[in-house]
Structure formats: C-alpha cells, structure tokens
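Okay, here's what each chain looks like letter by letter:
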Amino acid sequence: MLVIDDEATVRATARRLLETIGLKVLTVADGRAGLELYAEQSDHIDLVLLDMTMPGMSGLETCQELRSLDPDVMIVL
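Remember, predicted model here, so these are calculated numbers, not experimental data.

J.: I tried to follow the overall build of the chain on my own but got confused; where do I start?
T.: Secondary structure assignment for the chain yields three helices and four strands. Across the chain, helices and strands are ordered from the amino to the carboxyl terminus as β-α-β-α-β-α-β. Computed over the C-alpha atoms, the radius of gyration of the chain is 11 Å, within 12% of the 11 Å expected from 2.2 N^0.38 for a compact globule of 77 residues. Dimensions of the chain, computed from the C-alpha atoms along their principal axes, are close to 30 × 25 × 20 Å. Per-residue burial over the chain gives 36% buried out of 77 residues. Across the chain, contacts joining residues at least 24 apart in sequence account for 58% of those joining residues at least 6 apart. In the form shown here, the chain has an accessible surface area of approximately 4,600 Å², with 54% of it arising from carbon and sulfur atoms. When the 6 positive and 14 negative side-chain charges of the chain are each reduced to one mean point, those points stand 6 Å apart.

J.: Looking at this structure, how should I read the sheet that holds strand β2 (residues 26-28)?
T.: Strand order across the open sheet formed by four strands is β2-β1-β3-β4, with parallel pairing between neighbours. Every other strand in the sheet has two partners, leaving β2 and β4 (75-76) as the edge strands with one partner each. Of the strands in this sheet, β1 (2-4) and β2 touch helix α1 (residues 8-20), which is tilted by about 170 degrees from β2. Against the sheet, helix α3 (residues 59-69) touches β1, β3 (48-50) and β4, its axis set at about 155 degrees to β3.

J.: How do you make sense of helix α2 (residues 31-41) when you look at a structure like this?
T.: The periodicity of an α-helix, 3.6 residues per turn, causes residues three or four positions apart to be oriented the same way. All of the buried residues along α2 are G31, G34, L35, L37 and Y38. Each element contacted by the buried residues of α2 is listed here: β1, β2, β3 and α3. The backbone nitrogen of R32 lies 3.1 Å from a side-chain oxygen of the residue at the head of α2, namely D30.

J.: What exactly am I supposed to notice about a nonpolar patch on the surface here?
T.: On the surface, a cluster of nonpolar side chains totalling about 280 Å² of accessible area is made up of M52, L60 and L77. Structurally, the position occupied by M52 is in the loop between β3 and α3. Note on M52: relative accessible area 36%, which makes it partly exposed.

Cut-offs applied
- Residues numbered from 1 in each chain as written.
- Predicted model: local features only at pLDDT ≥ 70, side-chain atom pairs only at ≥ 80, totals over all residues.
- Heavy atoms only, no water.
- Helix = DSSP H or I, 4+ residues; strand = E, 2+ residues; numbered from the N terminus.
- Rg over C-alpha atoms; globule rule 2.2 N^0.38 Å.
- Buried < 20%, exposed > 50% of the residue type's maximum accessible area, 1.4 Å probe, protein only.
- Contact = heavy atoms within 4.5 Å.
- Areas by Shrake-Rupley, 256 points an atom, 1.4 Å probe, with all protein chains shown as cover.
- Lys, Arg positive; Asp, Glu negative; His and termini not counted.
- Charge placed at Lys NZ, Arg CZ, Asp CG, Glu CD.
- Pairing = 2+ DSSP bridges.
- Axes fitted to C-alpha atoms, helices over the stretch in contact; angles between N-to-C directions.
- Polar contact = N/O pair within 3.5 Å; in protein donor to acceptor, adjacent residues only side chain to side chain.
- Patch = residues over 30% accessible without salt bridge, like charges linked within 9 Å, V, L, I, M, F, W, Y side chains within 5 Å.
- Salt bridge = Lys/Arg side-chain N within 4 Å of Asp/Glu carboxyl O.

So, in structure tokens, the structure goes:
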C-alpha cells in the first residue's frame, strides 16, 4: 500500500494503523514523490491512499497521473 499525504502526522498514523493489520506500507509527502515511487515499485503496491488537498500537485492531479501510469491502479481518495 502507498499512502500519499502532505501531513506527517497523517502518514505516521495511517502507517501504524495499516501495519497493525499486516499490511506493508510505503509513505510519501507529495504527489510527485508518489508518482515516482509508484513507477518504481508498482508491482509491490496494491492500493494507493491519497490525500485530495496537497500543495503543489493536488490529489486529483496525482490520481490522473497514476491512472496514466496504470489504468487499473486502485485508489482511495
């Protein structure tokens, strides 16, 4: 799973909660970093948890770019 959120507290909380149920969690602080990580490790990422309101690249823009990399990517906004 990949968590993309600009707030460190949200990323840390999401990671802790998701890891307690046995998921491997990767986190990044912005859309651009999320796109780069997804491109490198898409075969290890089953789901993207994505913040809608981030500075720079918004969640919607990130979602659109993720879909251009992988039309079948599963995303929760």
